[in-house]
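What follows is the residue order along each chain.
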Amino acid sequence: MSSRTGKPAFRSAAWRISLWATLAFTCGTIVVFIFLDRFVASDIQRRSDAWLSGEVGVLGDVAERTPNDALYNRVVGEVAELASREVPNRAVSHETTNDSVFFLQTGRDGALKLWVGDGDGQAHLQAIQAHTFEVGRPLSIRVRGYAIPFRVATDIMNDGGRVYLGLSERDQRRVVFNLRTRFFVLWLSLVLLGFAIVFFTSRRTLSHVRKIAEAASHIGESDLQMRVPTTPGNDEIAQLALTLNRMLDRIEISVHQLHTITDSLAHDLRSPLTAIRGKLETSLALREAEQAEPIVSAIEELDRLTDFLNKSLDVAEAKADALRLRPTTIDVDELLRAMIALYEPSMNDKDIGIHLHSPGPIYIVGDEGLIHRMVANLFDNELKHLAEGCNVDVYLHQDDDMARLVLRDNGPGFDSEVLAQLFTKVVKGRHSTGHGLGLPFVDAVVRAHAGAISAENNEDGGAKLVLTLPLAPRESHQGQTAHAG
Amino acid sequence: MTICSFAEGWPLRAVRYQPHSGFKERFQKTAMTGCSSELKSERSCAPACVLSANILCMRLLIVEDEHDIRAFLQQALSEAGYAVDLARDGKTAEGLAKVNTYDILIVDLGLPDQDGINLITSLRQMGVQAPVLILSARRSVDDRVRGLEQGGDDYLTKPFALAELLARLRNLLKRNVPAGIELTRLRVQDLELDLLRREATRSGQPLQLTPQEFVLLEYLCRNAGRVVTRSMILDKVWGMRIQPDTNVVDVHIYRLRGKVDGNGQWPLIRTLRGVGYVLQDR
């Protein structure tokens, strides 16, 4: 898609849609994860607390029942050591140096009585003494020298001493961390996959819309018999194509009707005109000069009438966007030079100067005959309306993808009451001698070529007409110049 | 006059020639009244006379349903020297084409019994080779192209100037003649054009012409003795099919005339009001 339209993918509607969809999806999954994470973390906590409380009870029991003799430390130590091997969520690598569990017994006075664990237990004792423990409610404490806090449960023995069982939160954290990592990887791939799916689906859907738009714009400019491509199924896109095609059917029918009407009108008017003109011409051949004058002027009137008829039909067809074009690639610069060469002597006769300001060849695609007649109309207008000694400047340049033609004179300018509706209907200036179809015809031709026209009066007097016409696609005239060369 | 025109390169194709009723008389009449007394007044050298000479022995079929148009075409073309047959519908035309061999056909597109283009197609299938000039009230480029694609050789929109019709008929007939030697010099009376060096002289005196004026004069010379209309000049010299409602062509002709006929010489370029211009070859 992007390669054909020249538009990068990240500026397409499909890109925007997928971005928003992905954003919504991302937010949703994050909320779900936070909830899940809380739930899992608290569940792990609950399970290790339950283990701690259970074990500390058992150890307290053992410590109480064991006779306080030389073997006491060893027996209780062994039991504590065994218990520490059943730590929940335990990683296999911590088999030899067990620093994740400690057992601590204090006497009635709070002094350290028995220590099973990593180090001498003083740091742990200090940390425990800084907190107030209740039986059955484990607490998290920080121990100097350890980065990760311990979860500690306690039990009170009959002699008033206490046993403490501490479990490092390291393993618990590792489990949660592993869970989070896996979730993150899964989440990231889901988001990317979702983005890709949404992007490609919407791009595929929108490419139908784009094709329809392309076809529709093409139809508008050239051929009414074409139709936009339809897609199978009955979704919105298919409906859009069907509706457009039905609309085109109707337009084609009305344009066809208009052509039929104008054709029959033209036929009904042209046939008698032909007969009259022919009769006049043949009778002209038989007359002497003095008798010929009325016939000559009748022929001239007839030609004006024919011209009026032709222009009226053209304007009528163009107003209905039904002007029939036969487009070729035209160099406007060359065309203007030829037209100016044709008109310059007439202008010079009236002491009117005409000058072309052009940067060189500028190519458009258009109906050469119509463009010729359009420029002839413009120049005829200047010839008819300018007083002696005036100047016409014709500027041709290139604006983005449009050819811009500016016609500027220093004559009387447009009548203010005429200016507003110059192109819309048949209007004539107060001193105009034409039939008033000149500028509507120019407007019609410009619009049939997908261009635009505007008229204004210069600040320093004089009229200014600005015509824009779309440039030819690059390859069409490159081929032509190559051929010419 | 006739000998002169044959010498211009028109081959005698008199094999199939059958005198058209009244043709001889009319020809003699035009030859006497028109061309022998042409110096009496400007009007007397009327287009029909000026154009008549070349077309001897050419047989022509007009297929046209409008009586008035048929009538004046018959009159004008007979005066121009063609042997004219008439048909008011496609069926009659086909019947006539079976019996006779025509050098050229004029076919109107809007016939009562069928479309003119269908008629051309079926005539071509019957083996009619002659060039066909299409007459039509339809003016759009589409119709023109369709007509030319379907076997027509030229296309003229109604209403038309007689001079243009005659010029087109002449061109169509010329197409059937093998191309002659490419001219390098044109000579009309004491006017001479060197087509290679793009120089013109009148009575040996060089004329200072712009390139455009030279092309215009060349076109007039190539059609010396025949009327050319303004739209023909615009089409052939400038390559534009336009109908200016100002006098652009007249000004060009006026300037050219100033240079060609300027030095008190007798006028070569003559205006026929309501019709066009003619470069007189006599």
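Residues numbered from 1 in each chain as written. Chains lettered and ligands numbered in written order. Predicted model: local features only at pLDDT ≥ 70, side-chain atom pairs only at ≥ 80, totals over all residues.

J.: I'd like a rundown of the overall build of chain A, residues and numbers included.
T.: Each helix and strand in chain A was counted, giving 12 helices and 12 strands. Counting across all 485 residues of chain A, residues that qualify as buried make up 27%. Considering only contacts within chain A whose residues lie at least 6 apart along the sequence, 61% involve residues at least 24 apart. (Helix = DSSP H or I, 4+ residues; strand = E, 2+ residues; numbered from the N terminus. Buried ≥ 20, exposed ≤ 12 C-beta atoms within 10 Å, placed from the backbone. Contact = placed C-beta atoms within 7 Å.)

J.: Would you mind going over the overall build of chain B in detail, with residue names and values included?
T.: From N to C terminus, chain B includes 11 helices and 12 strands. Counting across all 282 residues of chain B, residues that qualify as buried make up 44%. Once local pairs closer than 6 in sequence are excluded, the contacts in chain B between residues at least 24 apart make up 60%.

J.: I'd like a description of helix α11 (residues 438-448) of chain A, backed by residues and values.
T.: Residue and element names in this part refer to chain A. Taking burial as the measure, the 11 residues of α11 include 10 buried ones, the bulk of the element. What α11 keeps buried is the set Gly-438, Leu-439, Pro-440, Phe-441, Val-442, Asp-443, Ala-444, Val-445, Val-446 and Ala-448. In the segment just after α11, Ala-450 is the residue with positive phi, at about 60°.

J.: Can you tell me about the interface of chain A and chain B, naming the residues and giving the values?
T.: With 43 residues of chain A in contact, the opposing surface of chain B contributes 43 residues. For the side of chain A that touches chain B, the element with the most residues is helix α6 (residues 236-284) of chain A, which contributes 14 residues. Partitioning the side of chain A that touches chain B into residue classes produces 17 nonpolar, 11 polar and 15 charged. (Nonpolar A, V, L, I, M, F, W, Y, C, P; charged D, E, K, R; others polar.)

J.: Explain the nonpolar core to me, using residue names and the numbers behind them.
T.: Buried together is how nonpolar side chains tend to be arranged in soluble globular proteins. Ranked by internal contacts, the top residues of the largest apolar core, which has 120 residues, are Ile364(A), Val445(A), Leu60(B), Leu61(B), Val63(B), Val107(B) and Leu217(B). At eight residues, helix α9 (residues 368-385) of chain A tops the list of elements feeding residues into this core. The contacts of Leu217(B), once residues within four sequence positions are left out, are Leu193(B), Ala200(B), Leu209(B), Leu256(B) and Val260(B). Among the nonpolar cores identified, the runner-up in size contains 23 residues, and Trp51(A), Val116(A), Ala153(A) and Val163(A) belong to it. (Core = buried A, V, L, I, M, F, W, Y, C linked by C-beta atoms within 7 Å.)

J.: Give me the sheet that holds strand β12 (residues 463-470) of chain A: which residues, what numbers.
T.: All names here are of chain A. Across the sheet, which stays open at both edges, the five strands sit in the order β7-β9-β10-β12-β11 with mixed pairing between neighbours. The open sheet is flanked by β7 (353-357) and β11 (452-457), the only strands paired with a single partner. Recorded for the sheet is a direction-independent mean angle of 15° between the axes of neighbouring strands. Lying on the sheet, α11 is in contact with β11 and β12; it crosses β11 at an angle near 140°. (Pairing = 2+ DSSP bridges. Axes fitted to C-alpha atoms, helices over the stretch in contact; angles between N-to-C directions.)

J.: Could you give an account of the pairing of strand β2 (residues 83-87) of chain B, naming the residues involved and the relevant values?
T.: Residue and element names in this part refer to chain B. In terms of burial, β2 is a largely internal element, four of the five residues being buried. Two strands pair when backbone bridges link them, and strand β1 (residues 59-63) and β2 are joined in this way by five bridges, in the parallel orientation. Bridge assignment links Arg-59 to a residue of β2, and that residue is Ala-83.

J.: Any details on the sheet that holds strand β2 (residues 112-116) of chain A? Residues and values, ideally.
T.: Residue and element names in this part refer to chain A. Spatially, the five strands line up as an open sheet ordered β2-β1-β5-β4-β3, and their pairing is antiparallel. In this open sheet, the two strands that pair with only one neighbour each are β2 and β3 (139-141). Averaged over neighbouring strand pairs, the angle between their axes works out to 25° when direction is ignored. Note that strand β1 (residues 101-106) and strand β5 (residues 162-168) share six bridges and pair antiparallel. Within the sheet, the bridge partner assigned to Phe-103 lies in β5 and is Leu-165. Each of β1, β2, β3, β4 (150-156) and β5 is contacted by helix α4 (residues 122-129), which is oriented at about 70° to β1, the strand it contacts most.

J.: Could you give an account of the pairing of β11(A), with specific residues and numbers?
T.: Residues and elements named next belong to chain A. Taken together, the six bridges between β11 and β12 define a ladder with antiparallel strand orientation. For Ser-454, the partnering residue across the bridge sits in β12 and is Val-466. Counting the residues that bridge the hairpin from β11 to β12 gives five residues, and of these Gly-461 lies at a positive phi of roughly 85°.

J.: With reference to specific residues and values, describe α9(A).
T.: The end-to-end C-alpha distance of α9(A), which contains 18 residues, comes to 26 Å, matching closely the 26 Å that a straight helix rising 1.5 Å per residue would cover. When you tally the buried positions in α9(A), you get 14 out of 18 residues, the bulk of the element. (Expected span 1.5 Å × (residues − 1).)

J.: Can you explain the packing of helix α8 (residues 332-349) of chain A against helix α11 (residues 248-260) of chain B? Please cite residues and give values.
T.: Where α8(A) meets α11(B), the axes come as close as 8 Å, and the angle between the chain directions of the two elements is 80°. By the angle between their axes, α8(A) is roughly perpendicular relative to α11(B). Facing Leu342(A), Tyr343(A), Pro345(A), Ser346(A) and Asp349(A) of α8(A), the residues of α11(B) in contact are Val248(B), Val251(B), His252(B) and Arg255(B). Taken together, the residues of the contact of α8(A) with α11(B) sort by class into five nonpolar, two polar and two charged. (Parallel < 35°, antiparallel > 145°, perpendicular 65-115°, else oblique.)

J.: Pulling in residues and values, what's your account of the confidence of the model for chain B?
T.: Residue and element names in this part refer to chain B. The predicted model of chain B has a mean per-residue pLDDT of 77, with 77% of residues at 70 or higher. Confidence scores differ between elements of chain B, with helix α1 (residues 2-7) showing the lowest mean pLDDT of 35 and β1 the highest of 93. Considering only residues more than four positions removed or in separate chains, one finds that residues 1-55, a stretch of pLDDT under 50, has 78 contacts. Both scores are available for the predicted complex, with the pTM at 0.61 and the ipTM at 0.71. (pLDDT = per-residue confidence, 0-100.)

J.: Now, about unusual backbone geometry: what can you tell me, with residues and values included?
T.: With an omega of -10°, the peptide bond between Lys158(B) and Pro159(B) qualifies as cis. Mapped onto the secondary structure, Pro159(B) falls in the loop between β5 (154-157) and α8 (162-175). Its identity as a non-glycine residue notwithstanding, Ala450(A) has a phi of 60°, on the positive side. Counting through the fold element by element, Ala450(A) comes out in the loop between α11 and β11. Exposure remark for Ala450(A): the 15 C-beta atoms within 10 Å place this residue in the partly exposed category. A positive phi angle, close to 55°, is found at Gln189(B), a residue other than glycine. With respect to the helices and strands, the residue Gln189(B) is situated in the loop between β6 (185-188) and β7 (191-194).

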